[in-house]
Amino acid sequence: DTEVTQTPKHLVMGMTNKKSLKCEQHMGHRAMYWYKQKAKKPPELMFVYSYEKLSINESVPSRFSPECPNSSLLNLHLHALQPEDSALYLCASSQDPGWGYTFGSGTRLTVV
Amino acid sequence: QKEVEQDPGPLSVPEGAIVSLNCTYSNSAFQYFMWYRQYSRKGPELLMYTYSSGNKEDGRFTAQVDKSSKYISLFIRDSQPSDSATYLCAMSANTGNQFYFGTGTSLTVIP
């Protein structure tokens, strides 16, 4: 298995909702990442998990809460989002931190 | 000044042309370089991963790194309509550090 699987592919949520994005990889990668990408912009790093521990938090608002239950899974919990948080949320993994990433197809999030 | 500069294009070429995509950077500590291809509404796909200076070839794709000029390139030979996508460069100083992405170049290959 050489893929990073993200669910759901699309999500529409209201500003008072709580939802979660899920990411799964079975390549034995030890680093996992959340990125946010706006249209026609490069991906922006949000969080890095290295060996299941949060190693980088790029000053992301607390309405985004990451969780790494085990080495294969990465979640992003969403609460009280704003319309400007609408974007493509990408999960990625790499064998070790800083190695070449494998990206998932992303979750396209719309906040209404 | 941005860490990584990349011409956003758009770039339009006829099928079969040689395409040259480029990035410049300001941090002389960068030594790990990647090129990604991103189709519309999809996640980026890793094309090439190189360390330090030199060339790396994979099929129709060649990545070049010139650390003295802080300049990297991706060449696509015999370009195909299926190569139409946005190409992103990314680079890092050390393993364990985050990668910095360019803004991406939009490429269209016309049949």
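Note that the coordinates shown come from a computational prediction; the quantities given were computed from them, not determined experimentally. (Residues numbered from 1 in each chain as written. Chains lettered and ligands numbered in written order. Predicted model: local features only at pLDDT ≥ 70, side-chain atom pairs only at ≥ 80, totals over all residues. Heavy atoms only, no water.)

### Structural notes on the packing of aromatic side chains
Spelled out, the test is: Side-chain rings of Phe, Tyr and Trp (the six-membered ring for Trp) are treated as a pair once their centres are within 6.5 Å; stacked means planes under 30 degrees apart, edge-to-face means over 60, and tilted covers the remaining angles. Helix numbering and strand numbering both begin at the N terminus, where a helix is a DSSP run of H or I of at least 4 residues and a strand a DSSP run of E of at least 2.
All told, the structure shown has 17 aromatic pairs over all chains when counted by the stated rule. When the centroid spacing of 6.5 Å and the interplanar angle of 40 degrees are considered together, the rings of Y32 of chain B and Y49 of chain B count as tilted. Of this pair, Y32 of chain B sits in strand β4 (residues 32-38) while Y49 of chain B is found in strand β5 (residues 45-51), placing the two residues 17 residues apart along the sequence. The rings of Y33, Y35, Y101 and F103 of chain A together with Y32, Y36, Y49, Y51, F99 and F101 of chain B are connected pair by pair, giving a single aromatic cluster.

### Some details on the nonpolar core
The condition that has to hold: Buried residues of nine kinds, namely Ala, Val, Leu, Ile, Met, Phe, Trp, Tyr and Cys, make up a nonpolar core once their side-chain atoms join them within 4.5 Å. Per-residue accessibility, obtained with a 1.4 Å probe over protein chains only, is compared with the maximum for each type, and a residue is labelled buried under 20%, exposed over 50%, and partly exposed between these values.
Grouped together as the largest cluster of nonpolar side chains are 25 residues, with contacts concentrated most on W35, I72, L74, Y87 and M91 of chain B. With 22 residues, the next largest nonpolar core counts M32, Y49, C68 and L76 of chain A among its residues.

### Focus: unusual backbone geometry
Here T7 of chain A and P8 of chain A are connected by a cis peptide whose omega angle stands at -10 degrees. In this structure, the amide linkage connecting G9 of chain B to the following residue, P10 of chain B, adopts the cis form with an omega of 10 degrees. Note on placement: P10 of chain B falls in the loop between β1 (4-6) and β2 (11-14). Non-glycine residue S52 of chain B carries a positive phi angle of around 60 degrees. With respect to the helices, strands and loops of the structure, S52 of chain B is situated in the loop between β5 and β6 (54-58). Residue S52 of chain B is classed as partly exposed on the basis of its relative accessible area, which comes to 23%.

### Some points on the side chain of Q31 of chain B
Residues and elements named next belong to chain B. Let me state the cut-off plainly: Polar contact is the term for a pair of N or O atoms within 3.5 Å; when the atoms are in protein, one must be able to donate a hydrogen and the other to accept it, and sequence-neighboring residues count only if both atoms are side-chain atoms. Whether two residues are in contact is decided by their heavy atoms, any of which lying within 4.5 Å being enough.
Structurally, Q31 is set in the loop between β3 (19-25) and β4. At 3.3 Å, the side chain of Q31 forms a polar contact with the side chain of Y51. Excluding residues within four positions of it along the chain, Q31 makes contact with T50, Y51, S52, K67, S92, A93 and N94.

### Notes on the state of the cysteines
Two cysteines joined by a covalent bond between their sulfur atoms form a disulfide. All names here are of chain A. Applicable threshold: Cysteine sulfurs are considered disulfide-paired once they come within 2.5 Å of each other.
Summed over the entire model, instances satisfying the criterion amount to two disulfides over all chains. Across the disulfide from C23 sits C91; the S-S distance is 1.9 Å. Taking the torsion about the S-S bond as the criterion, the C23 to C91 disulfide, at about -70 degrees, is left-handed. With C23 in strand β3 (residues 18-25) and C91 in strand β9 (residues 87-94), the pair connects residues that are 68 residues apart, well separated along the chain.

### Considering the sheet that holds strand β1 (residues 4-7) of chain A
Residues and elements named next belong to chain A. Inclusion rule: Strand pairing requires that DSSP identify at least two bridges connecting the strands. Structural elements are reduced to axes, namely lines fitted to C-alpha atoms, with helices fitted over the stretch in contact, and the angle between N-to-C directions of any two is expressed from 0 to 180 degrees.
Judged by pairing direction, the sheet is antiparallel, and its four strands sit side by side in the order β1-β3-β8-β7 without closing on themselves. Sheet topology places β1 and β7 (64-70) at the edges, where each strand pairs with a single neighbour. Within this sheet the neighbouring strands show an average axis-to-axis angle of 20 degrees, counted without direction. Sheet topology places β7 next to strand β8 (residues 73-79); five bridges connect them, and they run antiparallel. Bridge pairing in β8 links N70 to L73.

### Topic: the layout of surface pockets
Keep this limit in mind: A cavity here means a set of points on a 1 Å grid, drawn over the protein atoms and nothing else, where a 1.4 Å probe fits but cannot get out; a pocket is an open set with protein on both sides within 12 Å along at least five of seven lines, and a residue lines either one if it has an atom within 4 Å of a point. Grid points are joined across faces, edges and corners, and a volume is the space filled by probe spheres set on the points. Charged residues are taken to be Asp, Glu, Lys and Arg, nonpolar residues to be Ala, Val, Leu, Ile, Met, Phe, Trp, Tyr, Cys and Pro, and polar residues to be all remaining types, Gly included.
Its boundaries defined by the atoms lining it, the largest pocket holds a volume of some 580 Å³. Around the largest pocket, the lining is made up of 27 residues, and of these A39, K40 and K41 of chain A together with Q38 and T86 of chain B lie nearest the centre. Of all the secondary structure elements, the ones that give two or more residues to the lining of the largest pocket are β9 and β11 (107-111) of chain A together with β9 (85-92) and β11 (105-110) of chain B. Across the lining of the largest pocket, the residue classes tally to ten nonpolar, twelve polar and five charged. In this structure, the second largest pocket spans a volume of roughly 360 Å³. When contributions to the lining of the second largest pocket are tallied by element, the ones reaching two or more residues are β1 and β10 (102-103) of chain A together with β5 of chain B. Of the residues belonging to the lining of the second largest pocket, the class tally is seven nonpolar, eight polar and four charged.

### Considering the sheet that holds β6 of chain B
Residues and elements named next belong to chain B. Spatial ordering of the open sheet is given by β1-β3-β8-β7-β6, a layout of five strands whose pairing is antiparallel. Every interior strand has two partners, whereas the edge strands, β1 and β6, have only one. The average angle at which neighbouring strand axes cross in this sheet is 15 degrees, direction not considered.

### Digging into the pairing of β6 of chain B
Residues and elements named next belong to chain B. Sheet analysis places β6 next to strand β7 (residues 61-66), joined by five bridges and oriented antiparallel. Bridged to D58 within β7 is F61. Joining the antiparallel neighbours β6 and β7 is a turn of two residues, in which G59 adopts a positive phi near 65 degrees.

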